[in-house]
Amino acid sequence: MSVFFPHADFKRIYEIPTEFFQQRGLTVALLDVDNTLTTHDNPTPHKEVLGWLERQRNSGLRLMILSNNTEERVAPFAEGLGLEYIANAHKPLGGPLRQALGKLGVRPEETAVIGDQIFTDILCARLAGCTAVLVEPMEPEPMAFFRVKRTLERPILRAYRKRKGRG
Ligand SMILES: [Mg+2]
């Protein structure tokens, strides 16, 4: 079960303090887009996200977008933020993630993967040996397949929170 558990969780990405990365020796964060930096398919980042990116950059954290969404969706969004990106990342598969690590010249142990989905973002991070950081989705997705995924996530989140409460 633990391969589905995040190492840490926050409500919103912009609530993750710079110290979170520094204390864990994390030098890179790979960022999901939809429901992590903004709502699904929204071309504009959440306004709090801009300040967060700036704070993290100033603290020395290197940032890159790793999204399963299409090139058409991800490229203008990433370019608007001045971030490098990988679209069609096929999370939870590890190929594009490893490509990102290679491009940045970093090891998985110093890399955080941040996203809102257990079966893509968290599983991908865990399988690759990165630090998995879960955020709550910014808004519920209207699409039916997402409702199925969120339903399947529920018992895992319950088990994770129970263990976290004990720990
Ligand atoms: Mg997402």
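Everything here concerns the structure above.
A brief report on the enclosed structure follows. (Residues numbered from 1 in each chain as written. Predicted model: local features only at pLDDT ≥ 70, side-chain atom pairs only at ≥ 80, totals over all residues. Heavy atoms only, no water.)

### Remarks on the coordination of the magnesium ion
Reasoning step 1: Bound to the magnesium ion are the protein donor atoms Asp32 (OD), Asp34 (O) and Asp116 (OD), situated 2.1 to 2.3 Å from the metal.
Reasoning step 2: Sequence positions of the donors to the magnesium ion reduce to the motif D-x1-D-x81-D. Of this pair, Asp32 sits in the loop between strand S2 (28–31) and helix H2 (47–58) while Asp116 sits in the loop between strand S5 (111–115) and helix H5 (118–128); the two residues are 84 residues apart in sequence, bridging distant segments of the chain.
Reasoning step 3: Relative accessible area serves as the criterion here: at 2%, Asp116 is assigned to the buried category. (Donors = N, O, S within 2.8 Å, 3.2 Å for Na, K, Ca; no water. Helix = DSSP H or I, 4+ residues; strand = E, 2+ residues; numbered from the N terminus. Buried < 20%, exposed > 50% of the residue type's maximum accessible area, 1.4 Å probe, protein only.)

### Things to note about unusual backbone geometry
Reasoning step 1: A cis geometry characterises the amide bond from Lys91 onward to Pro92, with omega recorded as 15°.
Reasoning step 2: With respect to the helices and strands, Pro92 occurs in the loop between strand S4 (84–86) and helix H4 (95–104).
Reasoning step 3: Its identity is not glycine, yet Asn35 carries a phi of approximately 70°, on the positive side.
Reasoning step 4: Along the polypeptide, Asn35 turns up in the loop between S2 and H2.
Reasoning step 5: A positive phi angle, close to 60°, is found at Asp41, a residue other than glycine.
Reasoning step 6: Relative to the assigned elements, Asp41 resides in the loop between S2 and H2.
Reasoning step 7: With relative accessibility at 46%, the residue Asp41 sits in the partly exposed group.

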